[in-house]
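Listed here are the chains, written in short residue letters.
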Amino acid sequence: MIELKDVYFSYPSGAVLEGIDLTVKKGEYVGIMGHNGSGKTTLARLITGLLLPGKGHVRVNKIFTTDSERLLDIRRSTGMVFQDPDAQAIGETMEEDLVFGLENLGLPVPEINTRIEKYLDLLGIRELRHRNIRTLSGGQKQLVNLAAVMVMEPECIILDEPVSMVDARCRKIILQHIARLNHEGTAIVHITHDPEELIRCHRLIVLSLCGITNQGTPREVFGQLLDEKKMDVPAPYAISRKLGLPLALTTEALLEELCRSRSGN
Ligand SMILES: Nc1ncnc2c1ncn2[C@@H]1O[C@H](COP(=O)(O)OP(=O)(O)O)[C@@H](O)[C@H]1O
Ligand SMILES: [Mg+2]
């Protein structure tokens with residue numbers, strides 16, 4: 001549903017992306033990883049049509065992001081959770097924000113209420129509903145922004161560093177929600193510099209030096225990165241490989257493999 005073809009983008013300060021080819025299919029979970037400054041946020045903004053490519057094209061459900069008359073269709077099918085939690089809020093309270101989006105979809109009031117309650121419960125943030133957004137912590141704002149996109153039930157959600165400001169417990173919950181949304185059919189583009197967030201994605205893409213340097217399943221890409229000594233990989237993966245155990249992506253899986261190998265000895 002998303003297609004980038006030979007996309008180039010530069011800021012006045014210099015080139016950021018060069019010759020990017022990328023497709024995201026319906027229902028796919030794509031992770032995009034790269035160091036700070038590698039162009040991840042720029043890529044997300046190109047997908048949603050907030051930035052336009054200098055060369056090449058970006059299409060969402062076959063609509064070119066340069067087609068300004070149909071930008072609204074693109075915004076309806078793709079929701080973006082911004083890296084900067086302050087960049088997104090429109091209203092004073094979360095309730096205002098959520099209602100605003102849903103009214104724009106033309107939903108009747110009872111449906112609006114049902115949806116808001118569903119997602120606030122799901123994310124465990126019912127108590128934030130009427131709080132002034134400016135008084136919330138960075139992590140709470142990230143949760144509110146996530147809720148604002150989830151209630152719209154778009155076909156694809158683009159998440160730019162979605163858990164950078166939340167604590168460990170909340171982080172786990174959000175990552176589970178992302179995986180669950182994907183399981184229920186929403187395509188996900190999950191952008192982060194942290195490889196541990198991306199162990200559940202179907203396809204992992206590494207951005208570096210203006211282009212895509214690696215792509216494959218998380219296991220394949222982490223293996224390549226270790227071989228190339230280029231970037232962090234999840235610790236359980238590196239440890240299991242070093243010990244010659246079956247490759248583990250989570251601490252739980254690593255512990256299981258360790259127990260199994262010890263009981264086998
Ligand atoms: N609005 C902007 N104007 C000029 N340069 C920018 C702007 N936004 C980002 N950049 C530069 O583009 C490069 C990529 O930035 P960005 O896409 O934010 O990377 P990432 O999200 O991977 O950290 C960086 O060198 C950054 O300084
Ligand atoms: Mg960024």
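Here the structure is shown first, and the text comes after it.
Residues numbered from 1 in each chain as written. Chains lettered and ligands numbered in written order. Predicted model: local features only at pLDDT ≥ 70, side-chain atom pairs only at ≥ 80, totals over all residues. Heavy atoms only, no water.

K.L.:
Hey, could you run me through the site of ligand 1 in this one?
P.N.:
If you check the shell around ligand 1, you find Tyr-11, Ser-13, Val-16, His-35, Asn-36, Gly-37, Ser-38, Gly-39, Lys-40, Thr-41 and Thr-42 and nothing else. In this structure, Gly-37 approaches ligand 1 through a main-chain N or O atom, which is 2.7 Å from an oxygen atom. Separating an oxygen atom of ligand 1 from a backbone N or O atom of Gly-39 is a distance of 3.1 Å. Starting from 560 Å² of accessible surface for ligand 1 in isolation, the protein chains cover 57%. With three residues, the single largest contributor to the shell around ligand 1 is helix α1 (residues 40-47). When its residues are assigned to classes, the shell around ligand 1 shows two nonpolar, eight polar and one charged. (Near = heavy atom within 4 Å. Polar contact = N/O pair within 3.5 Å; in protein donor to acceptor, adjacent residues only side chain to side chain. Areas by Shrake-Rupley, 256 points an atom, 1.4 Å probe, with all protein chains shown as cover. Helix = DSSP H or I, 4+ residues; strand = E, 2+ residues; numbered from the N terminus. Nonpolar A, V, L, I, M, F, W, Y, C, P; charged D, E, K, R; others polar.)

K.L.:
Mind showing me how you'd approach a nonpolar patch on the surface here?
P.N.:
Residues Ile-239, Leu-243, Leu-255 and Leu-258 make up a contiguous nonpolar surface patch of roughly 330 Å² in combined accessible area. Mapped onto the elements of the fold, Leu-258 is located in helix α9 (residues 251-264). The exposure class assigned to Leu-258 is partly exposed, which follows from its relative accessible area of 30%. (Patch = residues over 30% accessible without salt bridge, like charges linked within 9 Å, V, L, I, M, F, W, Y side chains within 5 Å. Salt bridge = Lys/Arg side-chain N within 4 Å of Asp/Glu carboxyl O. Buried < 20%, exposed > 50% of the residue type's maximum accessible area, 1.4 Å probe, protein only.)

K.L.:
Even after reading the chapter, I still don't get the coordination of the magnesium ion (ligand 2), so can you show me in this structure?
P.N.:
Metal coordination angles in their ideal form are 109.5 degrees for the four-donor tetrahedron and 90 or 180 degrees for the six-donor octahedron. Surrounding the magnesium ion (ligand 2) are the protein donor atoms Thr-41 (OG1) and Gln-83 (OE1), which sit 2.0 to 2.2 Å from the metal. Here Thr-41, found in helix α1, pairs with Gln-83, found in the loop between β6 (78-81) and α3 (94-104); they are 42 residues apart in sequence, far enough to count as distant. Judged by its relative accessible area of 26%, Thr-41 falls in the partly exposed class. A relative accessible area of 32% places Gln-83 in the partly exposed class. (Donors = N, O, S within 2.8 Å, 3.2 Å for Na, K, Ca; no water.)

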